[in-house]
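Chain by chain, the residues run as shown.
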Amino acid sequence: MAQITLIEAVTQALAYEMAHDDSVVVLGEDVGVNGGVFRATQGLQQKFGELRVLDTPLDETTIAGVTVGLAAQGMKPVAEAQFEGFIYPMMEQIACHAARMRNRTRGRITVPAVFRAPWGGGIHAPEHHSEANEHLFANIPGLRVVLPSSPARAYGLLLAAIRDPDPVVFFEPKRIYRQYKEEVPDDGEALPLDVCFVLRDGGDVTLVTWGAQVKECLEAADALAEEGIGAEVIDVATLTPLDFDTIAESVHKTGRCVIVHEAPKTAGFGAEIAARVAEECLYDLLAPVERVTGYDVHTPLYRLEMKQMPSTARIVEAAKRTLAAS
Amino acid sequence: MSIAAKFEIEYLQYLDAEGKQVRDDLPAFAQDLDHMVELYKLMMSTRVFDAKSVALQRTGKLGTYASCLGHEAAHVGIGSAMRPEDVLAPSYREYGAQLYRGVQPREVYMYWGGDERGNDYRKEPARHDFAWSVPIATQCLHAAGSALAFKIRGEKRVAVCTIGDGGSSKGDFYGAINIAGAQNLPLVAVIVNNQWAISVPRKIQSGAPTLAQKGIAAGLFSIQVDGNDIIAVRKAMEDALERARSGQGGSVLELVTYRLGDHTTADDARRYRGEQEVKDAWAREPMKRLKHWLVAKGAWDEQKEEAWKAECDDWMDDEVNAYLETKTQPVTAMFDYTFAELPADLARQRDLALSLEHKAH
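Residues numbered from 1 in each chain as written. Chains lettered and ligands numbered in written order. Predicted model: local features only at pLDDT ≥ 70, side-chain atom pairs only at ≥ 80, totals over all residues. Heavy atoms only, no water.

(A) How the structure looks around the overall build of chain A. Within chain A, the secondary structure is distributed over 12 helices and 14 strands. In terms of overall size, chain A behaves like a compact globule, its C-alpha atoms giving a radius of gyration of 19 Å where 326 residues would be expected to give roughly 20 Å. Over its C-alpha atoms, taken along the principal directions, chain A stretches across nearly 60 × 45 × 40 Å. Across the 326 residues in chain A, those meeting the buried criterion constitute 63%. Considering only intrachain contacts with a sequence separation of at least 6, the fraction spanning at least 24 residues in chain A is 82%. In the structure as shown, chain A presents an accessible area of about 11600 Å², 52% of it carried by carbon and sulfur atoms. The positive charge centre, built from 29 side chains, and the negative charge centre, built from 46, are 2 Å apart in chain A. (Helix = DSSP H or I, 4+ residues; strand = E, 2+ residues; numbered from the N terminus. Rg over C-alpha atoms; globule rule 2.2 N^0.38 Å. Buried < 20%, exposed > 50% of the residue type's maximum accessible area, 1.4 Å probe, protein only. Contact = heavy atoms within 4.5 Å. Areas by Shrake-Rupley, 256 points an atom, 1.4 Å probe, with all protein chains shown as cover. Lys, Arg positive; Asp, Glu negative; His and termini not counted. Charge placed at Lys NZ, Arg CZ, Asp CG, Glu CD.)

(B) Main features of the pairing of strand 10 (residues 205–209) of chain A. Residue and element names in this part refer to chain A. Buried residues dominate strand 10, accounting for five of its five residues. In strand 10, alternate side chains face the same way, and those of Val205, Leu207 and Thr209 on one face and Thr206 and Val208 on the other are all buried. Across five bridges, strand 10 lies against strand 11 (residues 231–235) in parallel orientation. Following the sheet pairing, Val205 is matched in strand 11 by Ala231. Handedness of the crossover joining strand 10 and strand 11 through helix 8 (residues 213–226): right-handed. Bridging between strand 10 and strand 13 (residues 257–264) involves three bridges; their strand directions are parallel. (Pairing = 2+ DSSP bridges. Right-handed = clockwise from strand over helix to strand, strands pointing away.)

(C) Summary view of the UniProt feature "domain: Dehydrogenase E1 component" (unreviewed entry) in chain B. With numbering matched to this structure, UniProt assigns "domain: Dehydrogenase E1 component" (unreviewed entry) to residues 40–327 of chain B. Its end C-alpha atoms 34 Å apart, residues 40–327 of chain B is made of 47% helix and 11% strand. (UniProt positions renumbered as here; feature names shortened; annotations may be inferred.)

(D) Representation of the pattern of salt bridges. Scanning the entire structure with this criterion turns up 45 salt bridges over all chains. Residues Asp22 of chain A and Arg52 of chain A are paired through a salt bridge, measuring 3.9 Å at the closest nitrogen-oxygen approach. Here Arg52 of chain A lies in the loop between helix 2 (44–48) and strand 3 (53–55) and Asp22 of chain A lies in the loop between helix 1 (6–20) and strand 2 (24–28), a separation of 30 residues in the sequence. You can call Arg52 of chain A buried: its relative accessible area is 13%. Through salt bridges with shared partners, one network takes in Asp245, Arg276 and Glu280 of chain A together with Asp345 and Arg348 of chain B. (Salt bridge = Lys/Arg side-chain N within 4 Å of Asp/Glu carboxyl O.)

(E) Broad picture of the domain arrangement of chain B. One can read the domain layout of chain B as domain 1 (10–329) and domain 2 (330–361). Centre-to-centre separation of domain 1 of chain B and domain 2 of chain B, based on C-alpha positions: 38 Å. (Domains from an automatic or database assignment.)

(F) Quick look at the interface of chain B and chain A. In this assembly, 44 residues from chain B lie in contact with 40 residues from chain A. Across the chain B/chain A interface, buried area totals approximately 3400 Å², and carbon plus sulfur atoms make up 61% of it. Three residues stand out in chain B for area buried against chain A, namely Ile152, Tyr337 and Phe339 of chain B, and they jointly supply 19% of the buried area on that side. The interface formed by chain B and chain A includes three salt bridges. Between Arg276 of chain A and Asp345 of chain B there is a salt bridge, with its nearest N and O atoms 2.9 Å apart. At the junction of chain B and chain A, the tally comes to 15 residue pairs in polar contact (both at pLDDT 80 or more). Going through the elements one at a time, helix 6 (138–153), helix 7 (171–183), helix 13 (333–336) and helix 14 (344–360) of chain B are the ones with two or more residues in the side of chain B that touches chain A. Taken together, the residues of the side of chain B that touches chain A break down into 20 nonpolar, 12 polar and 12 charged. (Buried area = accessible area lost by both parts, 1.4 Å probe. Polar contact = N/O pair within 3.5 Å; in protein donor to acceptor, adjacent residues only side chain to side chain. Nonpolar A, V, L, I, M, F, W, Y, C, P; charged D, E, K, R; others polar.)

(G) Broad picture of the nonpolar core. Counting residues in each nonpolar core, the largest one holds 121 residues, and the members touching the most others are Leu70, Phe137, Phe171, Val236, Ile247 and Ile273 of chain A together with Phe173 of chain B. Beyond its immediate sequence surroundings of up to four residues, Phe171 of chain A is in contact with Glu84, Ile87, Ala117, Trp119, Glu134, Phe137, Val145, Val146, Leu147 and Pro148 of chain A. Within the second largest apolar cluster, 69 residues are counted, among which are Leu62, Ala240, Ala299 and Met316 of chain B. (Core = buried A, V, L, I, M, F, W, Y, C linked by side-chain atoms within 4.5 Å.)

Spelled out as structure tokens, the structure:
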């Protein structure tokens, strides 16, 4: 079986679902003959035609609004925002229509759409190409916010997102698009949405994260293990609706919680998790909750971008602080 | 000098403000006087409905309401030209079109009366139309997306969106007509130019001499129509729908009319426009001219008018009663349509809301 990267897993999921469901269509800027600027839609137009893999005019609002219209007519559109930093014009259509059409019409019209976007920094891109703003979407009722962190989860979660009867924003951590390969059988098996994945068991501290930072957290867990510290690593994967039970269970066991994300700290999604830990796990805690996040600054241009991002060293330090506290 | 492109915008009118026929080539539907009487009757019931809605709001039985007074020809013209299988994406005051397609007055009252069930249109073809769209012009893209779905599936259906003169300033409107042109989509975008976007007049909405010509920029067939003349509106709509259905592309129609009422019941138009302007607009309103024309043809008279008005009043009374008798949804209804299946986290919040209800009782 071929080993594939995360971006190839995205392509594989799109191709599988398009081949098995005629109502699935892909639309966006440069998704057609060019196969997307990251090649996520490579070869799809040749396979499925110009109508099902549609190059749209260069307008994000158009992409999002047309996606709502397609979905309202029973199609399953997968829209691409070329970069997550360009998604802002789509937000009105996502928040005001995609996420609330079911509620507005008492279920008469629904929007089973996926809005994909290459997310986060770390690839030396120009301004506006490196944003992490998943928290802005996590506050929109009726919307799922999903971030895969490996080729297998990209494949399984994207299949699940396309099949889901409600809208999903699917943020692909582009820093790890081609970081490593793994075997991902093209068997059409979806992974569950709305659940956290426990990627490593550990009894001393819980590392909670999503997207590209899963990599740094696993590295931190390795480093901590060398010092005899057991770190449990949880990939949240679906930010909303949140599977807090999995996080609570882990914190109950470890008594320590470090939340790691690339987005700015203040009102980032880590704040929600920290609040929930305070509400529901306070008496399990042996140390204050730590957050290792991006600073409350605009994503710097690329010379400084890695300094804004949580590093493995910062995560290890935070974990050790929680251990030192008790 | 070489010319890269040239365009002109036709203005279509059959009946002038007095109901005098200004051209002889009446379209087929207008030669059927029984049908024209039906259209007149629906325009009238729309007006009676509208007056009833405003009265309900004034007596505290309805929330903020957007009146359609003066738009009857535009709206009934749109609705009557569409086929059942077509899809309408309205903004929020196109009741004449919606009533024609099966939206019930009680549903309009429910929506403006604070109950989402008003958007769950029970009767076809309205049942497959979009609900009211409050964020301006956003619905144009839903129509474009619907039109794309029809094209992908090879269905001979047309998507129709309506917006106001103000809405034509928004990027969503341009985005919709632009992709319709680029992809040859079966879209009919109707600008109901009623001269006022709340307090902002048409002349400072756009420097373009017509709003119809915005369609030229998108490569669509574009026409300006007397929006108070139902024959012209219906004819322009029929032609546009036929072109779209037969794969000849989308259209932009500018229906020139006038908002005789306030923007909504929360607005007071006396703050920004003069009495004379409104008085002049009343002289051009759509009902009078059609009535004169029908009376001159011997198809309508005062007796029929009174009888139909009484029928409309009875109908609206039934609808108002049905609305007023509708019980408020249980508190759980705010949760139950957020997702197809209630997530566990949200289920806990639903339980909390429900427990507070039990405490209150």
